[in-house]
Amino acid sequence: MGVTLLNVGFDNAVALERVVAVVSSEPSPIKRLREAAGRRQKLVDATNGRRTRTVIVTDSDHVVLSSLQPETGAERVTALVKAGPHPAPRRDRTGGAET
């Protein structure tokens, strides 16, 4: 069984199955959530030094910071959900992946 990864920018990814919310970083409650996650050491900065625009909350209470626009993050989640689970690649008798 494979894990579907959500690209959050700059070669960083989050397991789609763990994502609870994709929100803008601007509202005060989200800023407080971000600060609390930092105190609990559950903050993941995936911005590569860029401005934080999106906050991704996971079911493990991790908070992931991304420089993507919130709309872009939501569109990527929607596209991955619509695509559904990807089947594992089939193997031939020699153990290599089929072409």
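Counting starts from 1 at the beginning of each chain's written sequence and moves along it residue by residue. Side-chain atom pairs in this predicted model are given and counted only at pLDDT of 80 or more, local residue features only at pLDDT of at least 70, and totals for whole chains, interfaces and linings cover all residues. Calculation of side-chain values draws on the structure's entire complement of heavy atoms; hydrogens and water are dropped beforehand.

## Here we look at the overall build of the protein
Then, number 1: Comment: elements are numbered from the N terminus, with helices defined as DSSP H or I runs of at least four residues and strands as E runs of at least two. A tally of helices and strands in the protein yields 2 helices and 6 strands.
Then, number 2: Partitioning the intrachain contacts of the protein with sequence separation of at least 6 by distance along the chain shows that 48% fall at a separation of at least 24.
Then, number 3: Per element, the accessible surface of the protein, about 6900 Å² overall, is 52% carbon and sulfur. Throughout, a residue-residue contact means that at least one pair of heavy atoms, one from each residue, lies within 4.5 Å. Working definition of accessibility: Shrake-Rupley area with a 1.4 Å probe, residue cover restricted to the visible protein chains.

## Quick notes on the pairing of strand β6 (residues 63-66)
Within a regular strand, the side chains alternate between the two sheet faces.
Then, number 1: Of the two faces of β6, the one lined by V63 and L65 and the one lined by V64 and S66 are each fully buried.
Then, number 2: Relative to β6, strand β4 (residues 43-45) is paired through 3 bridges, and the arrangement is parallel. Bridged to D45 within β6 is L65.
Then, number 3: As judged from the 4 bridges shared by strand β5 (residues 54-58) and β6, these two strands associate in the antiparallel manner. When the sheet's bridge partners are listed, V55 is paired in β6 with L65.
Then, number 4: Linking β5 to β6, which pair antiparallel, is a turn of 4 residues; within it D61 sits at a positive phi near 70 degrees. With a 1.4 Å probe rolled over the protein chains alone, any residue whose accessible area is under 20% of its type maximum counts as buried; one over 50% counts as exposed, and the rest are partly exposed. Strands pair, by our definition, only if DSSP identifies at least two bridges between them.

## Considerations on the sheet that holds β5
Each strand in a sheet pairs with another by means of backbone hydrogen bonds, the pair being arranged parallel or else antiparallel.
Then, number 1: Taken in spatial order, the 4 strands line up as β3-β5-β6-β4 in an open sheet, and their pairing is mixed. Each edge of the open sheet is held by one strand with a lone partner, namely β3 (19-24) and β4. Going across the sheet, the axis of each strand differs from the next one's by a mean of 20 degrees, ignoring polarity. Axes, fitted as lines to C-alpha atoms, cover a helix only where it is in contact. Angles between the N-to-C directions of the axes lie from 0 to 180 degrees.

## Section: the environment of G49
Then, number 1: Looking at the secondary structure, you find G49 in the loop between β4 and β5.
Then, number 2: The exposure class of G49 is exposed, given its relative accessible area of 74%.

## Some details on the pairing of β5
Then, number 1: For β5, a buried count of 5 out of 5 residues is recorded, marking the element as mostly surrounded by other parts of the structure.
Then, number 2: Every second residue of β5 is oriented toward a common face, with T54, I56 and T58 on one face and V55 and V57 on the other, all of them buried.
Then, number 3: Where β3 and β5 come together, 5 bridges link them in antiparallel fashion. Within β5, the residue paired with V23 across the bridge is V55.

## Looking at helix α1 (residues 28-39)
Then, number 1: With 12 residues, α1 extends 17 Å between its outermost C-alpha atoms, agreeing within 8% with the 16 Å of an ideal straight helix rising 1.5 Å per residue.
Then, number 2: For α1, the complete set of buried residues consists of I30, A36 and A37. Each buried residue of α1 lies within a common arc of 120 degrees when the element is viewed along its axis, so the set occupies one face. Turned more than 90 degrees away from the buried face of α1 sit R32 and R39, all of them exposed.
Then, number 3: The secondary structure elements touched by the buried residues of α1 are β3, β4, β5 and β6. By this rule, a helix spans an expected 1.5 Å times one less than how many residues it contains. Along the arc lie the directions from the helix axis toward the C-beta atoms.

Coordinates in, geometry out; function isn't part of it.
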